[in-house]
Amino acid sequence: MKIITYTVDPTIPEPLQPLKELAGNLWLSWNFDAVMLFMRLDYELWMESHQNPARLLGMISQERYEELAVDDSYLAALNRVYERFIQYRNADTWYPETSSDMVAYFSMEYGLDVSLPIYSGGLGVLSGDHLKTSSDLGLPLVAVGLLYQQGYFQQYLNADGYQQESYPENDWYNMPVSVCRSADDEPLKISVQIGESLVVAQIWEVKIGRTSLYLLDTNIGENSSENRAITSSLYGGTAETRIRQEILLGIGGIRALRALGVNPAVAHMNEGHSAFLAIERIRELVKLHRLSLQEAIEAVKPTSIFTTHTPVPAGNERFAPDLMQKYFHCIVDGLDISFHDFMALGRENPSDDLEHFCMTVLALRLSAYGNAVSELHGEVSRDMWKNLWPKLPADEVPIQSVTNGVHIRTWLSHDMIELLDRFFGPRFSDDPTYLEIWNRIDRVSDEELWRTHERRKERLVAFTRERLYHQYQHRGAPLNQLRLAGEVLSPYAFTISFARRFATYKRATLLFRDKERLYKLLTNTDAPVQIIFSGKAHPHDVPGKNLIKDIFHFAQHPEIRRKIVFLENYDMGIAKYLVSGSDLWLNTPRRPMEASGTSGMKAAINGVLNCSILDGWWAEGYHPSVGWAIGSGEFYEDEEEQDEVESKLLYELLEREIVPRYYDRGRDALPREWIAMMKASMQRLGPRFASHRMLMEYTDRFYTPALAHARRVTENDFAAARELAEYTARLTVGWQDISVVETPRVPDRQLGVGGKLELRAGVRLGRLKPEDVAVELTHGPMRSSGTIDGAECTTMRHVTTSDGVSLFTTEIELTRAGRQGMAVRVLPSHPGLVQRFVPGYVVWG
C-alpha cells in the first residue's frame, strides 16, 4: 500500500496571524505574556497539547478563532506581545559586529522547552540556555543537533516503585520545528557515508529568538529501516548506535551548514559527541584547498573550541578499535592518514594499539581552546587529561574554566519576574548584560518578596497534587489513593526538593541513612518538613533505579505518605515549579563528581536557598549568607565513611540551623532572617551565575579570538597555516636534539626579600634556532612533595650562541621568604601558535 502524505495547516483569521509566528519561535519560552496568549485560546486544550503552542493551534476550533478575531481585549494583548517580539528581533545587541563568519555550536541534546523533548538533562538544558543567551546577545552563532523521533524516554513507576520507560514518538509537524527548503522549495538534505551505507538526512530548523538551531533527521524514505533508526532516540542503543549518531552529528552537521549557506568559521563542541566535525573540517581543506593534512590541522585547531562536562574518565565516550576500523574509511574519506595515525588522535597513549578511541581526546588534540564548566571541574579535568601533555605540571594543562550559568528569564518564575520588573526597572528585561541590576533586590520589601514566594509554593503544592493524581490514575490505584493525592504536602510546611538525574554518585538517598532522624524531621508538628523528589535513572542503570524504588517504599509509611512524594518523568516543566516554589534545594553529589550542576543556580535566582556538598558550582557560589555547605570540601578514600560523615552533617544542619531559621518568625509572621538570606542569594548569585555572564566570557576568551584566527589562517591561500605546518615539521625532526646543558646557579650568599638574581641557562638546540623556542624559568615556593607551588614563569632572553650552545638569561626579584625552587624548560615558540603548550614538546633542565 502506498500512502500519500500531505500537511494541513489551521486556518487562522488575519488578525490572529501573529500567533503562527510566535508559535514557531521559542522566544515565547522565556516570555510568559506570550505563553499566556496560547493559554487564553483554550486552557484545557493547552494542557492537553502538553503546553505546545504549535500543536495547540491545530486543536482550536474555527468558531473559537472567529470569536477571538473580534475580541478587542485579546487582540490588544496579542499586538502588544507581537510588537515586543519584533522589537526584540530588530534591536541593537551587545555583540555589534555583523559577519558571514559564524560560530557553529554542536551538542547532542538541547533543552529549550517542554514542547520540544530532545533532551535528557543538564547538558541539554545548558545547551538550550546557551542558544537563548546567544540570541539575547546577538552573537553570530548557529547550532547543530539531531532530531530524535522518540527523544529521551518517558518515565513512570510501576506498583512496586520500579522505573519503567516508554518511548512515544514525536510529531514534528505539530512542534516548533520546520523543514529547511532549497531554492526550488524542496526539503534540504545532505548525505553522509556511515559504514557501508550512504545515509541521507533532512534538515529542520528551530528558531530561538534571533538564533537558529538546525537538526538532522534520518527517519525519511530514502534510508533503510536501520539507517532511519539513527535518529530514533537520544542516548539509546549500543556503542555502534552512538558512533553512527556521532558521525552524523559531526560530519553531517558541517555538511548541513554548508548546504544552508552558513560558513562555520569556528566550531564549538559541547562535549565530545560531535568531535568528528574536526575531521570533516580538515577533509574539506585537504580536498577543496589542496592543503596537506598537517596544514589543514593547523588551520582547524585555532578555530576549534571544546567544552568538557565529564569529571570521571569512564564518562567519556570511547569506541573499541574494531568498531573504529569498521567506520574508519567513511570518517577519513579523502585524507592521507593511516588507521594507526588516525587512532592516535583519539588515544592518550598514541602507541598503544589496544587503547580505545576517545572522543574527548580527539576534541582536545584538535582544539586550541578547551574548557571545563566550573573552577573545581577545571582542576579535575587538568589532572584527568595531563597525560596528553607529558612532563607538563597538571596545573598548567591548557584546560581553562568557564563556570556554567542559567538563562535568567527562562528560569525565574513569572511571579518573580513581575515583582523584579517593578523594582528593577525596564533595564532588567531590555539589557540582560547589566548584571549589577541584581543589587536592586534591596528595593523589594521583605513582605512582597515573601508573599511572592508563598504564591509560588502554593502553585507548587497544587501542581504536585495534580501530577500525583495522574500518576496514581495511570498506575491503576484505588479510589482512596486517588483521594490521597489531593492531600499531600502543605503550602505552609518547610519544603525541600531534590530533583536531578538519578545516578548513584548524586546520592539521592543520603538523607535516608538514618531513617529515624528523617522520620522525626518529617513528623514534627511544630516545625513540619516535607520533601519532593524527582528525576530519571538511565534505562540501563539498575542501581539508580533502585534508589528511586527505595524512596518510593519509604514514602508508603502511613505517617509520612503526605510528607514525601516522588514526581515521575522529570522535565523542564516540573523543574520550573520546583526551583521556584521550594524553600530549600538539596544537592548531595560525591565530590568532585559534579562537573557544575545548574539546578541550584535556578533555585537561587528565585530566592530558594541551597544546601549542598561543596562541589561543582557551589564550591564557587557558597557563602554563609546565601545557603549551607555540607562539609568543607573534604576528599575521602572510603565512600562508606564519606556517606556516614556527610549524612550526619546534613542532619545536623537541618535540625540545628536550617529548619529552626525557617520557622523563626516575628509578630508579623515573617521569617526575617530567612528572607535576608533569600535576598543575599539573589543578589550575590544572580549576576555571577547568569548565562549572559557565561556567554560573554565565551565570547571574549574564545569566540572573538577564534573568529580572528579564522580570518588570519585563510588569508593568502592559507599562508599562515602552511607556515605553521612547516614549522611543526621542523620541530618534529629537531626536537629530539634539544637539551639543557647549563642550569641556573644560585650565588653562595645570603638572599633577602627585595633582592634580585641574575640567572643564565645554556641550551643545545641542534637543528633548531633560538627563535624557534621559548626558554622559561619556572620559580616559586617549594611544596613538601618536592614540586613548586604555583610556579611563576619568566621568559629568558637569548644572548649568544657559541659552540652549539645558546645562552639565555633573565633577572628575577625575590618577593617571598622561605624555601624556593626554580627549573628551566624549553617550549616551542612560533607567532602562529595559539596554544603555547604543544603535546609532547617540553624539555626540562
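Each remark here, short or long, concerns the structure printed above.
Summarised in this report is the structure supplied together with it. All chains use their own residue numbering, which begins from 1 and follows the written sequence. The predicted origin of the model limits local features to residues at a pLDDT of at least 70 and limits the giving and counting of side-chain atom pairs to 80 or more, whereas totals for whole chains, interfaces and linings rest on all residues. Computation of side-chain values covers all heavy atoms of the structure but excludes hydrogens and water.

### Here's the deal with the overall build of the protein
Here is step 1: Put simply, DSSP H or I for four residues or longer makes a helix, DSSP E for two residues or longer makes a strand, and each gets a number counted from the N terminus. Of the regular secondary structure elements, the protein holds 28 helices and 28 strands.
Here is step 2: Atoms counted for the radius of gyration: C-alpha only. Globule rule: 2.2 Å times the number of residues to the power 0.38. A compact globule built from 845 residues should have a C-alpha radius of gyration of about 28 Å, and the protein, at 29 Å, falls within 12% of that.
Here is step 3: Dimensions of the protein, computed from the C-alpha atoms along their principal axes, are close to 95 × 70 × 50 Å.
Here is step 4: Within the protein, the fraction of its 845 residues that count as buried is 56%.
Here is step 5: We call two residues in contact when some of their heavy atoms are within 4.5 Å. In the protein, the proportion of contacts linking residues at least 24 apart, taken out of those at least 6 apart, comes to 72%.
Here is step 6: Throughout, the Shrake-Rupley method with a 1.4 Å probe supplies accessible areas, and for residues the shown protein chains are the sole cover considered. Total accessible area on the protein is roughly 35,000 Å²; 49% of this is exposed by carbon and sulfur atoms.
Here is step 7: Positive charges are assigned to Lys and Arg, negative charges to Asp and Glu, while His and the chain termini are left out of the count. Throughout, a charge is located at the NZ atom of Lys, the CZ atom of Arg, the CG atom of Asp or the CD atom of Glu. Across the protein, 90 positive and 112 negative side-chain charges occur, with their mean positions spaced 2 Å apart. Exposure classes here rest on a 1.4 Å probe applied to the protein chains alone. A residue is buried below 20% of its type maximum, exposed above 50%, and partly exposed in between.

### As for the sheet that holds strand β25 (residues 797–802)
Here is step 1: In space, the four strands of this open sheet follow the order β21-β22-β26-β25, with antiparallel pairing throughout. In this open sheet, the two edge strands, each paired with only one partner strand, are β21 (739–742) and β25. Strand-to-strand twist in this sheet, taken as the mean axis angle between neighbours without regard to direction, amounts to 35°.
Here is step 2: Where β21 meets strand β22 (residues 756–764), three bridges bridge the pair, whose relative direction is antiparallel. The residue bridging V740 from the neighbouring strand is V763, located in β22. Any two strands with at least two DSSP-identified bridges between them are counted as paired. Think of each axis as a best-fit line through the C-alpha atoms, taken over the contacting stretch in the case of a helix, with angles from 0 to 180 degrees between the N-to-C directions.

### Here we look at the packing of aromatic side chains
Here is step 1: Working definition: rings of Phe, Tyr and Trp (its six-membered ring) pair if their centres are within 6.5 Å, and the pair is stacked with planes under 30 degrees apart, edge-to-face with planes over 60 apart, and tilted otherwise. Tallying each qualifying case throughout the model produces 35 aromatic pairs.
Here is step 2: An angle of 45° between the planes, with centres 6.3 Å apart, marks the rings of W27 and Y88 as tilted. In this pair, W27 is assigned in the loop between α1 (18–23) and α2 (32–41) and Y88 in helix α6 (residues 72–90), connecting sequence segments 61 residues apart. The pair W27 / Y88 is uniform in exposure class, with both members buried.
Here is step 3: One aromatic cluster in this structure is built from W450, F494, W628, Y662, Y663 and W674.
Here is step 4: Cation placement over rings: the criterion is NZ of Lys or CZ of Arg within 6 Å of the ring centroid and within 35° of the ring normal. Its end group placed over the ring of Y88, R210 keeps NZ or CZ at 4.2 Å from the ring centre.
Here is step 5: For K536, the ring lying beneath its charged end belongs to F153, and the centroid distance is 5.0 Å.

### Here's the deal with the pattern of salt bridges
Here is step 1: Counted as salt bridges are all cases of a side-chain nitrogen of Lys or Arg within 4 Å of a carboxyl oxygen of Asp or Glu. Applying the stated criterion across every chain, the model contains 56 salt bridges.
Here is step 2: The salt bridge partner of R283 is E280, with a shortest N-O separation of 2.6 Å. One end of the pair, R283, and the other, E280, are both in helix α10 (residues 276–289), three residues apart, so they sit about a helical turn from each other.
Here is step 3: Given a relative accessible area of 13%, R283 falls into the buried group.
Here is step 4: For E280, a relative accessible area of 1% corresponds to the buried category.
Here is step 5: A salt bridge links E811 to K756; its shortest N-O distance comes to 4.0 Å. Placement of the pair is E811 in strand β26 (residues 805–813) and K756 in strand β22, with a sequence separation of 55 residues.
Here is step 6: With relative accessibility at 43%, the residue E811 sits in the partly exposed group.

### As for helix α17 (residues 414–424)
Here is step 1: The buried fraction of α17 amounts to eight of the 11 residues, a majority that puts the element mostly inside the structure.
Here is step 2: Among the residues of α17, those classed as buried are H414, D415, M416, I417, L419, L420, F423 and F424.
Here is step 3: Those residues of α17 that are buried lie in contact with α2, α16 (408–411), α18 (427–430), α19 (446–474) and α27 (672–688).
Here is step 4: Remark: G425 follows α17 within two positions and exhibits a positive phi of approximately 90°.

### A look at empty space enclosed by the protein
Here is step 1: The method works on a 1 Å grid over the protein atoms by themselves. A cavity is a set of points holding a 1.4 Å probe that cannot get out, a pocket is an open set with protein on both sides within 12 Å along at least five of seven lines, and residues with an atom within 4 Å of a point line them. Grid points are joined across faces, edges and corners, and a volume is the space filled by probe spheres set on the points. According to the stated counting rule, one finds two cavities of 30 Å³ or more in the structure shown.
Here is step 2: Considered as a void within the structure, the largest cavity measures approximately 50 Å³ in volume.
Here is step 3: Classifying every residue of the lining of the largest cavity by side-chain character gives 10 nonpolar, no polar and no charged.
Here is step 4: What the second largest cavity holds in volume is close to 30 Å³.
Here is step 5: Along its surface, the second largest cavity is lined by W389, P390, L392, F837, V838, G840, Y841 and V842.
Here is step 6: Asp, Glu, Lys and Arg are counted as charged, while Ala, Val, Leu, Ile, Met, Phe, Trp, Tyr, Cys and Pro are counted as nonpolar; the rest, among them Gly, fall into the polar class. Tallied by class, the residues present in the lining of the second largest cavity amount to seven nonpolar, one polar and no charged.

### Concerning the sheet that holds strand β28 (residues 843–844)
Here is step 1: Pairing is antiparallel in the open sheet, where four strands are placed in the order β24-β23-β27-β28. The sheet terminates laterally at β24 (792–795) and β28, the two strands that pair on one side only.
Here is step 2: Pairing analysis gives nine bridges linking strand β23 (residues 773–781) to strand β27 (residues 820–828), with the strands arranged antiparallel. In the strand pairing of β27, E776 is matched with R825.

### With respect to the nonpolar core
Here is step 1: Membership of the largest hydrophobic core comes to 252 residues, with the highest contact counts inside it found for F38, F276, I331 and F342.
Here is step 2: Top contributing element to this core by residue count: helix α28 (residues 691–734), with 12 residues.
Here is step 3: Setting aside its immediate chain neighbours within four residues, F276 contacts I243, E246, I247, G250, I251, M324, I331, F342, F357, M359 and L362.
Here is step 4: We define the nonpolar core as a collection of buried residues of types Ala, Val, Leu, Ile, Met, Phe, Trp, Tyr and Cys that are connected through side-chain atoms lying within 4.5 Å of one another. Counting residues in each nonpolar core, the second largest holds 23 residues, with W735, V740, L768 and M796 among its members.

### Remarks on the side chain of N610
Here is step 1: Looking at where N610 falls in the secondary structure, it is placed in strand β19 (residues 609–613).
Here is step 2: Look at N610 and you get buried, because its relative accessible area is 2%.
Here is step 3: One polar contact links the side chain of N610 to the main-chain carbonyl oxygen of G600, over a distance of 3.1 Å.
Here is step 4: Discounting chain neighbours no more than four positions away, the residues touching N610 are L584, W585, G600, A604, W617, W618, V626, G627 and W628. In the analysis that follows, any N or O atom pair within 3.5 Å is treated as a polar contact, provided that within protein one partner can donate a hydrogen and the other can accept it, and provided that, for residues neighboring in sequence, both atoms belong to side chains.

Everything listed is a geometric property; what it means functionally is a separate question.
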